[in-house]
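So the chains spell out like this:
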Amino acid sequence: MGTASVSEASALLAAGPGARLLIPKRIMGNVTVAVALSPQPLTVEKTWRD
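As the structure is a prediction and not an experimental result, all values here were calculated from the model. (Residues numbered from 1 in each chain as written. Predicted model: local features only at pLDDT ≥ 70, side-chain atom pairs only at ≥ 80, totals over all residues. Heavy atoms only, no water.)

S.K.: Go over the overall build of the protein chain, please, and point to the residues and values.
M.R.: Scanning the protein chain for helices and strands turns up one helix and two strands. Seen in sequence order, the protein chain has helices and strands lined up from the N terminus as α-β-β. Here the protein chain holds 50 residues, and 14% of them are scored as buried. Residue pairs at least 24 apart in sequence account for 22% of intrachain contacts in the protein chain once pairs closer than 6 positions are excluded. As displayed, the protein chain offers around 4300 Å² of accessible surface, 60% of which is attributable to carbon and sulfur atoms. (Helix = DSSP H or I, 4+ residues; strand = E, 2+ residues; numbered from the N terminus. Buried < 20%, exposed > 50% of the residue type's maximum accessible area, 1.4 Å probe, protein only. Contact = heavy atoms within 4.5 Å. Areas by Shrake-Rupley, 256 points an atom, 1.4 Å probe, with all protein chains shown as cover.)

S.K.: Please give an account of helix α1 (residues 6–15) that cites residues and values.
M.R.: Residues lying three or four places apart along an α-helix face the same way, a consequence of the helix completing one turn every 3.6 residues. Inspection of α1 places S7, A11 and A15 among the buried residues, and these make up the whole buried set. Buried positions in α1, seen along its axis, are confined to an arc of 60° and lie on one side of it. If you follow the buried residues of α1, they end up packed against β1 (20–28) and β2 (31–37). Phi for G16, located one or two positions after α1, is positive at around 90°. (Arc of directions from axis to C-beta.)

Nothing here speaks to function; it is geometry throughout.
Okay, structure coming up:
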């Protein structure tokens, strides 16, 4: 899509405050992924079905 840092920024946002990037963006075919580590356990209050 030509947009800078979407996967990395999304991973960090989802992991919460104090998160750190473990794996910078990787492009595999049509998929771009990044992995972030949260300093505390994450909980899910609602799912996309709620």
